[in-house]
Amino acid sequence: MRQGMKEKIIRICDAKIAAKGSNVGLSFYAFFANKNDDPELLMEVAHWWIMEMKLDHFEKAEKIRNLVSAL
């Protein structure tokens, strides 16, 4: 996964956790705008989320942050 995307995911997870607590869940769509302006990047993250990590649609932000930090 691209370094810039990893940093964005961690930043968004941190913000969600700070705002809603450690139990907050999110999907990979949380890292993208509502319009599909970068389909290649969207598919890269979707592939990592679904195919590589076999994650559910919604996962805890802390779990995602930890997985991405380990990349």
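None of these values were measured; they are calculated from a predicted model. (Residues numbered from 1 in each chain as written. Predicted model: local features only at pLDDT ≥ 70, side-chain atom pairs only at ≥ 80, totals over all residues. Heavy atoms only, no water.)

Enquirer: Sorry, what's going on with the packing of aromatic side chains here?
Expert: The relative placement of two aromatic rings is captured by the distance of their centres and the angle of their planes. The tally for this structure, following the rule as stated, stands at four aromatic pairs. Between the aromatic rings of phenylalanine 31 and tryptophan 49, the centroid separation amounts to 6.4 Å while the plane-to-plane angle is 55 degrees, which identifies the pairing as tilted. Of this pair, phenylalanine 31 sits in the loop between strand 1 (25–26) and helix 2 (39–52) while tryptophan 49 sits in helix 2, placing them 18 residues apart in sequence. With relative accessibility at 1%, the residue phenylalanine 31 sits in the buried group. A relative accessible area of 1% means that tryptophan 49 is categorised as buried. Chaining the aromatic ring pairs together yields one cluster made of Phe28, Tyr29, Phe31, Trp48 and Trp49. (Phe/Tyr/Trp six-rings, centres within 6.5 Å; stacked < 30°, edge-to-face > 60°. Helix = DSSP H or I, 4+ residues; strand = E, 2+ residues; numbered from the N terminus. Buried < 20%, exposed > 50% of the residue type's maximum accessible area, 1.4 Å probe, protein only.)

Enquirer: How should I be thinking about helix 1 (residues 3–20) in this particular structure?
Expert: Owing to its 3.6 residues per turn, the α-helix brings residues three or four apart onto one side. Over its 18 residues, helix 1 runs 26 Å from end to end, which matches the ideal 26 Å to within 8%, given 1.5 Å per residue. Along helix 1, the positions that sit buried rather than exposed are Met5, Lys6, Ile9, Ile12, Cys13 and Ile17. Burial along helix 1 is one-sided: seen end-on, the buried residues are contained in an arc of 135 degrees. Summarising the geometry of helix 1, the exposed residues directed more than 90 degrees from the buried face are Arg11, Ala18 and Ala19. Its buried side turned inward, helix 1 meets strand 1, helix 2 and helix 3 (61–69). With its phi angle positive at about 95 degrees, glycine 21 sits one or two positions after the end of helix 1. (Expected span 1.5 Å × (residues − 1). Arc of directions from axis to C-beta. Contact = heavy atoms within 4.5 Å.)

Enquirer: Which parts of the structure should I look at to understand the side chain of serine 27?
Expert: Mapping serine 27 onto the fold places it in the loop between strand 1 and helix 2. Setting aside chain neighbours within four positions, we find serine 27 in contact with Trp49, His57 and Phe58.

Enquirer: Would you mind going over helix 2 with me for this structure?
Expert: For helix 2, which comprises 14 residues, the first-to-last C-alpha distance of 18 Å matches the rise-based estimate of 20 Å (1.5 Å per residue) to within 8%. Restricting attention to buried positions, one finds in helix 2 the residues Leu41, Leu42, Val45, Ala46, Trp48 and Trp49. On its buried side, helix 2 packs onto helix 1, strand 1, strand 2 (59–60) and helix 3. Following helix 2 by one or two positions, lysine 54 has its phi on the positive side, about 55 degrees.

Enquirer: Is there a simple way to think about the nonpolar core in this case?
Expert: Nonpolar side chains in soluble globular proteins tend to end up buried together. One finds Phe31, Trp49 and Ile64 to be the most contacted residues of the largest nonpolar core, which totals 20 residues. Going through the elements one at a time, helix 1, helix 2 and helix 3 are the ones with two or more residues in this core. The biggest single contributor to this core is helix 2, with six residues. Setting aside residues up to four positions removed in sequence, isoleucine 64 forms contacts with Ile9, Cys13, Leu26, Phe31, Trp49, Leu55 and Glu59. (Core = buried A, V, L, I, M, F, W, Y, C linked by side-chain atoms within 4.5 Å.)

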